[in-house]
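The chain contents come next:
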Amino acid sequence: MLLSLVLHMHSLRCALPAAVLLGTAPTYVLAWGAWRLLSALLPAGVYQALDDRLYCAYQSMVLFFFEHYTGVQVLLYGDLPKNKENIIYLANHQSTVDWIVADMLATRQGALGHVRYVLKDGLKWLPLYGCYFSQHGGIYVKRSARFNEKDMRKKLQKYMNAGTPMYLVIFPEGTRYNPELTKVISSSQTFAAQEGLPVLKHVLTPRIKATHVAFESMKNYLDAIYDVTVAFEGTMDDKGQRKEAPSMVEFLCKECPKIHIHIDRIDKKDVPEEQVYMRRWLHERFEIKDKLLIEFYDSLDPERRNRFPGKSVHSKLSLKKTLPSLLILSGLTAGMLVTEAGRKLYVKTWIYGTLISCLWVSIKA
């Protein structure tokens, strides 16, 4: 009985964040929808500026739960600039928390509202969010031969024409690295060997298409590329073997005590433009990631394990950056739910908003 109670309490740890994050979605979508209609006749840059502020407010609430509520320690290595820039963010991909990590870095530069993602196509069907991410500047892509370069270039050009700040997040591996999925890892390593590329251990062989299209389209608009390597502490088993990274639910259940984030800022002039050379360059960047992760997981020296080489900085996020958003969005949602008319609007937003969202992405995204 005691064990059952412990397990029940453990599962409740993520119930509050999930309820708030999902529960405030209709409120957020209504606010965004109202602004979208009001700004229909205004220049695109005006709409985008306030949309970025709205997005920053919602993601600040997300970070309240993923940083303050969980109590996770964020350890930074390398060279994260203090000021925001127009950048492409390239990172290893191992968890559904990875997109939150991008938010963690962006908010420390004052660029949280400018974060936009290259997402796998299936995510466009998420209720409410799927349509909104596309409207905010997210780009849905299909894999390999079905990848539509023309659509991606067109969307990026649209945002550059409007002078939209760009913090474009790409996970070049295309899928999450999971040490338990040995077939996926083996297939990736076999492909690298066949292509004459070094075989990687703790990351998958990166795909070049999205990175090349993004860089080629925005090379005169960008300031730099951020090469980001992430490791979650607590992802080794009793035998010293790497295990699966925490999911969003597990992370909110406080199962990750520390996140280690290594940042390399690469000036755009140091990135080759031709796809064949960029492919080699990108693989070399992932070789560097692999070496960092080998040091983190496999170092024979216990003092060098569970950390990246070099000096780390424990970066604390001020509660002032996250708590106001939580209080405002939660308060607006609660205010809507206390009246019968508000509750009807809330339910209709979930139902009709989801239907309209799915219809829109099936045509546009």
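Structure: above.
A brief look at the structure comes next.

About the criteria used
Residues numbered from 1 in each chain as written. Predicted model: local features only at pLDDT ≥ 70, side-chain atom pairs only at ≥ 80, totals over all residues. Heavy atoms only, no water. Salt bridge = Lys/Arg side-chain N within 4 Å of Asp/Glu carboxyl O. Helix = DSSP H or I, 4+ residues; strand = E, 2+ residues; numbered from the N terminus. Buried < 20%, exposed > 50% of the residue type's maximum accessible area, 1.4 Å probe, protein only. Contact = heavy atoms within 4.5 Å. Axes fitted to C-alpha atoms, helices over the stretch in contact; angles between N-to-C directions. Parallel < 35°, antiparallel > 145°, perpendicular 65-115°, else oblique. Left-handed = near helix turned anticlockwise from the far one by under 90°. Polar contact = N/O pair within 3.5 Å; in protein donor to acceptor, adjacent residues only side chain to side chain. Core = buried A, V, L, I, M, F, W, Y, C linked by side-chain atoms within 4.5 Å. Patch = residues over 30% accessible without salt bridge, like charges linked within 9 Å, V, L, I, M, F, W, Y side chains within 5 Å. Areas by Shrake-Rupley, 256 points an atom, 1.4 Å probe, with all protein chains shown as cover. Lys, Arg positive; Asp, Glu negative; His and termini not counted. Charge placed at Lys NZ, Arg CZ, Asp CG, Glu CD. Pairing = 2+ DSSP bridges.

Now for the pattern of salt bridges. Under the counting rule described, the total for this entry stands at 15 salt bridges. The residue Lys289 makes a salt bridge to Asp227 at a minimum N-O spacing of 2.5 Å. In this pair, Lys289 is assigned in helix 11 (residues 275-298) and Asp227 in strand 6 (residues 224-232), connecting sequence segments 62 residues apart. Of the residues examined, Lys289 reaches a relative accessible area of 0% and is grouped as buried. For Asp227, a relative accessible area of 4% corresponds to the buried category.

Turning our attention to the side chain of Ser299. Following the sequence through the fold, Ser299 ends up in the loop between helix 11 and strand 8 (312-314). If near-sequence neighbours (up to four positions away) are discounted, Ser299 is found in contact with Ile294, Arg304 and Arg305.

Right, let's get into the packing of helix 4 (residues 44-69) against helix 12 (residues 323-337). Between helix 4 and helix 12, the least distance of the axes is 7 Å, while the angle of their chain directions is 110°. Classified by the angle their axes make, helix 4 and helix 12 are roughly perpendicular. The element helix 4 and its partner helix 12 pack so that their crossing is left-handed. Facing helix 4, whose interface residues are Ala57, Tyr58, Ser60, Met61, Phe64 and Phe65, helix 12 presents Leu323, Ser325, Leu326 and Leu329.

Attention now moves to the environment of Lys321. With respect to the element layout, Lys321 can be found in the loop between strand 8 and helix 12. Residue contacts for Lys321: discarding those within four places in its chain leaves Ser60, Thr107 and Arg108. Looking at Lys321, its side chain comes within polar contact range of the main-chain oxygen of Thr107, at 3.1 Å.

A separate point is the nonpolar core. Counting residues in each nonpolar core, the largest one holds 60 residues, and the members touching the most others are Tyr89, Leu105, Tyr167, Phe232, Ile259 and Ile261. Ranked by residues supplied to this core, first place goes to helix 4 with 9 residues.

We now examine a positive patch on the surface. A grouping of Lys120, Lys142, Arg143, Arg146, Arg176 and Arg207 is seen on the molecular surface, where their side chains present a positively charged patch. Within the fold, Arg146 resides in the loop between strand 4 (139-141) and helix 7 (149-161). Residue classification places Arg146 among the exposed residues on the basis of a relative accessible area of 61%.

Moving on, we get to the sheet that holds strand 5 (residues 167-170). Ordered in space as 4-3-5-2-6-7-1-8, the 8 strands form an open sheet in which the pairing is mixed. Two strands in the sheet have a free side with no partner beyond their single neighbour: strand 4 and strand 8. Sheet twist, expressed as the average angle between the axes of neighbouring strands with direction ignored, equals 25°. Inspection of the sheet shows strand 6 paired to strand 7 (residues 258-267) by 9 bridges, in the antiparallel sense. Bridge pairing in strand 7 links Phe232 to Ile259. Strands in contact with helix 6 (residues 129-136) are strand 3 (115-120) and strand 4; relative to strand 4, the strand with the most contacts, it is inclined by about 115°.

Right, let's talk about the pairing of strand 2 (residues 87-91) for a bit. Most of strand 2 is tucked away, with 5 of its 5 residues classed as buried. Side chains Ile87, Tyr89 and Ala91 of strand 2 all project onto a buried face; the interleaved residues Ile88 and Leu90 project onto the opposite face, where all are buried too. Note: strand 2 against strand 5, 4 bridges, orientation parallel. Its bridge partner lying in strand 5, Ile87 is registered against Tyr167. Summarising the sheet, strand 2 and strand 6 pair through 5 bridges and their orientation is parallel. Considered in strand 6, the bridge of Ala91 is made with Val228.

Limitation: the analysis is restricted to geometry and does not speak to function.
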